[in-house]
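Spelled out from the first residue to the last, the chains are:
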Amino acid sequence: MQNKIGRRQFIVICSAAAAVSMLPLLPGCSKRSDLELAEFKKLSAVLTGFQVTDMDNDLAAIYYKSILEFPPVDVNPSELFADLELDTVVTPAPNIIEQKIYSDPKKTLLANTIITYWLSGSFKSKDGIKVSDYQQMYAWKATGYLIPNAQCRGDFGFWSNKPHVV
Amino acid sequence: MSDYNADVVIVGGGIAGALMALGLVRANANVLIIEAGVRVDRNKGIANYMNTPDRNNDTPYSPISNSAPYPPMMNPDDYYIQTGPDKFQSNYIKALGGTTWHWLGTSLRFVPNDFKMKSEYGVGVDWPIGYNDIEQWYYEAEKELPVSGDDEAPLGVKRNNPYPSSMIPMTYLDKIVQKAFADISLPDAPEIKLEVASTPQGRLSKPEPDQQRLACCGSNNCIPMCPVGAKYDASFTIAKAEALGAVVITNATAKFIQTDSDGNVTGILFQTPSGDSIATGKVFVLAAHAIETPKLMLMSKSEQYPNGIGNSSDQVGRNLMDHNCVLSYGLTKERVYPYQAPLSTSGVEVVKDGAFRKNRGAFRIEIGNDGWSWPVGYPEVLATWLMKRSGGRTHRMNNSTNSKNEKVILAQNLFGEKLRQDIKNNVMHEIRFAFLCEQLPDPNNRIVPAFDKLGTDGLPRPQIFYKLDDYVKASISVAVETQQKMLDALGCTEQHHSSPWGAGHIVGTTRMGNDPKTSVVDKNLKCHDHKNLFILGSSVFPTVAASNPTLTIAALALRAVEDVQKMLKQ
């Protein structure tokens, strides 16, 4: 039976179970969840412009769980993944992303939610908007030379010189 | 009711009260400080800041306690009652250490003509003291913080001693600005060039292990809270004073000043969550900021003093002033790399004085290292806007009519590599300047207690009437013209000028002067009406000048120590 369920369908079932019924994951889902996390990271990387290797595992788990528990729209991230054919395509062309995601208001909202979580380091929880990890706000990483404020960035006076930009 | 007694009772544990306390305990006086706020734990404050999604300047100190309310940054009118045509937008906090917890650290001296506006320019009033009377005390204050500065910087003042701490280096951004401004002058005073100078700062260039303070490490978080104590705040002075025997009561709000039939102050009635107490002493010092000090004095009405304490002149609460702050910000042609230094390390100071002050207020120009975080938001806010691009950006400073080349409504959302590159390309080019514009004292601009509108502490909230005068409006007008030249010189592709905003430099509500009919305290900060009552802080400033007020607050407090000691001996 399991062999007759496609990978995408299986993910949808697992996600729906978690998001809608809030029940524990179906037996046998745990291994697929790991895969799903990797897929979520890949989707996140495509949307945010970072490399998959840049995407933190713990944060991915937090954001994905949040999106499943508090979906901004009735679209599952797996649909975006499928639309972009990310199981085979490494880097979809921007016009493909535009056509497949940003032509649909619901998918746009979901994509923007995923990006916002990564860039702002905040996510929706049962207690409201929470900070996942202040030090890992990807908006600051995107600059190529900064970490978020309130953390030491170097020795006294380093700011007098041009920074190294990644 | 509990009783406390000390030689000197100080209301307010901010920089003025702390320096007075330290000066007195060093001379073996017995000192009690009554502070409305609580002790701040730096580590908890930073953690609170980091763990709060919607961060602002109050976040490290949040939540605001019901027993010590103050105007929240995001909505000051939660505390203020405003009745004037213009909004008074500056705020402060209540905490042990006071608002120095989230000051910028700028430690400028006033220039000599700031003390004689009436005699030099025919506007405002003269101070009863001049620059030479305070020079020594400026230096004492600079040693206490300590201040790091460049002895050669063109700041418009003569120094008798070098800075106690070596200068904070200019940023890469400062140096680009310095080069770009070389040929710019003031529109109404072409002989005055915009000469960029290193700003003296209450910020460590070397660590002070005894106080657990590190040298500045460029966290760009001086406001709201320095994570390593490199930036001075008055908690360091409080700690020194306590080590020498000063007693501090926190969570204690003064609510009435008691006097005897001779007009001597005999006690301060204050409330704590566990009940009311009285602090008695020989000499009393009010150092509770330019809003709370006059409020307390005006709340202390009695049959003997129906207009409140120290108010025979009817000047208590009047002449409220601020620096009206006008921001300009743009995206520079060259990369300037903000967000990686103290929030400001340089400015333009030579523009603070000149014959133009006969007609308009002076201003100083602060060069920001903090990108667009003040007027618009941090990179995460930029990112969210870039991503959605559903309309123009939100400018906190309400300046939508004042922008040039702003990129608005694009048809597409940004995502992926383009989004990431746009974040990078915007942030690296963000620049911000603040102009602190001088206003004149106006007795109609005032704070009074709103006896019928109580705060969460059960005490009257501050009711404020505030109106901008033509003098400051003329200053703002020249400021915007100057900003245009500056942004053009930097090749800014997108340019904005904000509406006037509060600088947090609340000044002038218990003015000093020689004449008891027109002022509240004398030149030694002793209240004209009560010989054992002193008032410290920016409330005693007769005029606001164009420099940040903190170093002058500190210098005046240290200068007053000797007179309080003399009073004690009497």
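Here the structure is a predicted model, which means the values were calculated and not measured.

Participant: I tried to follow the overall build of chain B on my own but got confused; where do I start?
Facilitator: Looking only at helices and strands, chain B features 11 helices and 21 strands. Computed over C-alpha atoms, the radius of gyration of chain B comes to 23 Å, within 12% of the 25 Å expected from 2.2 N^0.38 for 570 residues, which places it in the range of a compact globule. Once the C-alpha set of chain B is aligned to its principal axes, its extents read approximately 75 × 50 × 50 Å. For chain B, the proportion of its 570 residues judged to be buried stands at 65%. Within chain B, contacts between residues separated by at least 24 positions form 73% of all contacts whose residues are at least 6 apart in sequence. Put simply, chain B shows about 19500 Å² of open surface, and 48% of that area lies on carbon and sulfur atoms. Across chain B, the 57 positively charged side chains and the 60 negatively charged ones have centroids separated by 3 Å.

Participant: Explain helix α4 (residues 131-144) of chain B to me, please; I cannot follow it from the model alone.
Facilitator: Residues separated by three or four positions in an α-helix point in the same direction, a consequence of the helix having 3.6 residues per turn. Residues and elements named next belong to chain B. The end-to-end C-alpha distance of α4 is 19 Å, a good match for the 20 Å that 14 residues give at a rise of 1.5 Å each. The set of residues buried in α4 consists of Tyr 131, Ile 134, Glu 135, Trp 137, Tyr 138, Tyr 139, Ala 141, Glu 142 and Glu 144. In this structure, the buried side of α4 is in contact with α1 (15-26), α6 (234-243) and α11 (550-569).

Participant: For this particular structure, what's the right way to read the sheet that holds strand β3 (residues 81-82) of chain B?
Facilitator: Residues and elements named next belong to chain B. Taken in spatial order, the 3 strands of this open sheet run β3-β18-β17, and their pairing is mixed. The sheet is open, and its two edges are formed by β3 and β17 (446-454), each paired on a single side. Its contacts with the sheet put helix α7 (residues 289-299) on β17 and β18 (460-465), and the angle it makes with β17 is roughly 65 degrees.

Participant: I keep staring at the packing of α1 of chain B against α6 of chain B and nothing clicks. Help me out?
Facilitator: The packing of two helices is summarised by the inter-axis angle and the distance between the axes. Residue and element names in this part refer to chain B. Taken N-terminus to C-terminus, the directions of α1 and α6 make an angle of 25 degrees; their axes are 9 Å apart at the nearest point. When the axes of α1 and α6 are compared, the pair comes out roughly parallel. Where α1 crosses over α6, the handedness of that crossing is left-handed. Residue-level contacts link Ile 15, Ala 18, Leu 19, Ala 21, Leu 22, Val 25 and Arg 26 of α1 to Ala 234, Thr 237, Ile 238, Lys 240 and Ala 241 of α6. Classifying every residue of the contact of α1 with α6 gives 9 nonpolar, 1 polar and 2 charged.

Participant: Teacher, can you tell me more about the pairing of strand β12 (residues 275-286) of chain B here?
Facilitator: Residues and elements named next belong to chain B. Summarising the sheet, strand β11 (residues 265-272) and β12 pair through 6 bridges and their orientation is antiparallel. When the sheet's bridge partners are listed, Gly 267 is paired in β12 with Thr 280. Where β11 folds back on β12, the antiparallel hairpin that results is connected by 2 residues. Sheet topology places β12 next to strand β21 (residues 533-535); 3 bridges connect them, and they run parallel.

Participant: Explanation requested: the interface of chain A and chain B in the structure shown.
Facilitator: Note on interface size: it is often stated as the accessible area lost on association of the parts. Counting residues at the interface gives 47 residues for chain A, matched by 48 residues for chain B. Here chain A meets chain B over a buried area of about 3900 Å², counting both sides, of which 64% is carbon and sulfur. Among the residues chain A hides against chain B, the three largest losses belong to Ala 150, Phe 156 and Trp 159 of chain A. Together they make up 19% of the total. At the junction of chain A and chain B, the tally comes to 0 salt bridges. Counting across the interface, chain A meets chain B through 15 residue pairs in polar contact (both at pLDDT 80 or more). Those elements that place two or more of their residues in the side of chain A that touches chain B are α2 (29-48), α5 (94-100), α6 (105-120), β2 (128-131) and α7 (138-141) of chain A.

Participant: Explanation requested: the confidence of the model for chain A in the structure shown.
Facilitator: Close reading of the predicted structure is inappropriate where its pLDDT is low. Within chain A, residue pLDDT values average 82, and 79% of them lie at 70 or more. Note on residues 1-35 of chain A: pLDDT is under 50 here. Beyond four places in sequence and across chains, it has 38 contacts.

Participant: Hey, could you run me through the environment of Lys 453 of chain B in this one?
Facilitator: All names here are of chain B. Here Lys 453 shows up in strand β17. Under the relative-accessibility criterion, Lys 453 is labelled partly exposed at 35%. With 373 residues separating them in the primary sequence, Lys 453 and Tyr 80 have C-alpha atoms 9.9 Å apart.

Participant: I would appreciate a short explanation of the state of the cysteines in the present structure.
Facilitator: Every disulfide links exactly two cysteines, by a covalent bond between their sulfur atoms. Enumeration according to the criterion identifies 1 disulfide over all chains in this entry. The disulfide partner of Cys 152 of chain A is Cys 217 of chain B, and the gap between their sulfur atoms is 2.0 Å. Its torsion about the S-S bond being -60 degrees, the disulfide of Cys 152 of chain A and Cys 217 of chain B is classed as left-handed. One end of the pair, Cys 152 of chain A, is in the segment after α7; the other, Cys 217 of chain B, is in the loop between β8 (196-198) and α6, on a second chain.

Participant: Got a minute to help me understand the packing of aromatic side chains in this structure?
Facilitator: For any pair of aromatic rings, geometry is given as the distance between the ring centres together with the angle between the planes. Using the criterion set out here, one finds 29 aromatic pairs over all chains in the structure. With 6.0 Å between their ring centres and 35 degrees between their planes, Trp 140 of chain A and Tyr 378 of chain B make a pair best called tilted. Of the two residues, Trp 140 of chain A is situated in helix α7 and Tyr 378 of chain B in the loop between β15 (363-368) and α8 (379-388); the pairing between them involves two chains. With relative accessibility at 1%, the residue Trp 140 of chain A sits in the buried group. Under the relative-accessibility criterion, Tyr 378 of chain B is labelled buried at 18%. Ring plane angle 85 degrees and centroid distance 5.3 Å describe the contact between Tyr 145 of chain A and Tyr 337 of chain B, whose orientation is recorded as edge-to-face. Of the two residues, Tyr 145 of chain A sits in the segment after α7 while Tyr 337 of chain B sits in the loop between β13 (324-331) and β14 (344-348), which places them in two different chains. Here Tyr 145 of chain A matches Tyr 337 of chain B in class, with each residue buried. Within the aromatic cluster, the residues linked to one another by ring pairs are Phe 50, Tyr 63, Tyr 117, Trp 118, Phe 123 and Tyr 138 of chain A. Looking at Lys 141 of chain A, its charged tip hangs above the ring of Tyr 138 of chain A, at a distance of 4.1 Å from the centre.

Calculation rules
Residue positions are given per chain, counting from 1 as you read along its sequence in written order. Each chain takes a letter, starting from A, and each ligand takes a number, starting from 1, following the order in which they are written. Restriction of local features to residues with pLDDT of at least 70 applies here, the model being predicted, together with a cutoff of 80 or more for giving and counting side-chain atom pairs; totals for whole chains, interfaces and linings are based on all residues. Side-chain measures were taken over the full set of non-hydrogen atoms in the model, leaving aside hydrogen atoms and water. Think of it this way: any DSSP run of H or I at least four residues long counts as a helix, any run of E at least two long counts as a strand, and we number them from the N terminus. Both definitions apply: the radius of gyration is a C-alpha atom measure, and the globule rule equals 2.2 Å times residues to the power 0.38. Relative accessible area decides the class of each residue, using a 1.4 Å probe on protein chains only: under 20% of the type maximum gives buried, over 50% gives exposed, and in between gives partly exposed. Between two residues, a contact is recorded if the distance between any of their heavy atoms is within 4.5 Å. Surface exposure here means Shrake-Rupley accessible area, sampled with a 1.4 Å probe, where a residue is shielded only by the protein chains that are shown. Counted as positive: Lys and Arg. Counted as negative: Asp and Glu, with His and the chain ends omitted from the count. In plain terms, the charge of a residue is placed at NZ if it is Lys, CZ if Arg, CG if Asp and CD if Glu. By definition here, a helix of n residues has an expected span of 1.5 Å times n minus one. Any two strands with at least two DSSP bridges between them are considered paired. Simply put, an axis is a line fit to the C-alpha atoms, just over the touching stretch for a helix, and the angle between two N-to-C directions goes from 0 to 180 degrees. By the definition adopted for this analysis, an angle is roughly parallel if under 35 degrees, roughly antiparallel if over 145, roughly perpendicular if from 65 to 115, and oblique otherwise. By convention, the crossing between two helices is left-handed when the near helix turns anticlockwise from the far helix through less than a right angle, and right-handed when the turn is clockwise. Note on residue categories: nonpolar means Ala, Val, Leu, Ile, Met, Phe, Trp, Tyr, Cys or Pro, charged means Asp, Glu, Lys or Arg, and polar means any other residue, Gly included. By definition, the buried area sums, over both parts, the 1.4 Å-probe accessible area that each loses when the two are put together. Just to be clear on terms, a salt bridge is a Lys or Arg side-chain nitrogen sitting within 4 Å of an Asp or Glu carboxyl oxygen. Definition of a polar contact: a pair of N or O atoms within 3.5 Å, with one able to donate and the other able to accept a hydrogen when the atoms are protein atoms, and with sequence-neighbouring residues admitted only if both atoms are side-chain atoms. The pLDDT value tells you how sure the predictor is about a given residue, anywhere from 0 up to 100. By definition, disulfides here are pairs of cysteine sulfur atoms that lie within 2.5 Å. The aromatic pairing rule takes the rings of Phe, Tyr and Trp, using the six-membered ring of Trp, and pairs them if the centres are within 6.5 Å, calling planes under 30 degrees apart stacked, those over 60 edge-to-face and the rest tilted. Geometrically, a charge over a ring is one whose NZ (Lys) or CZ (Arg) sits within 6 Å of the ring centre while staying within 35 degrees of the ring normal.

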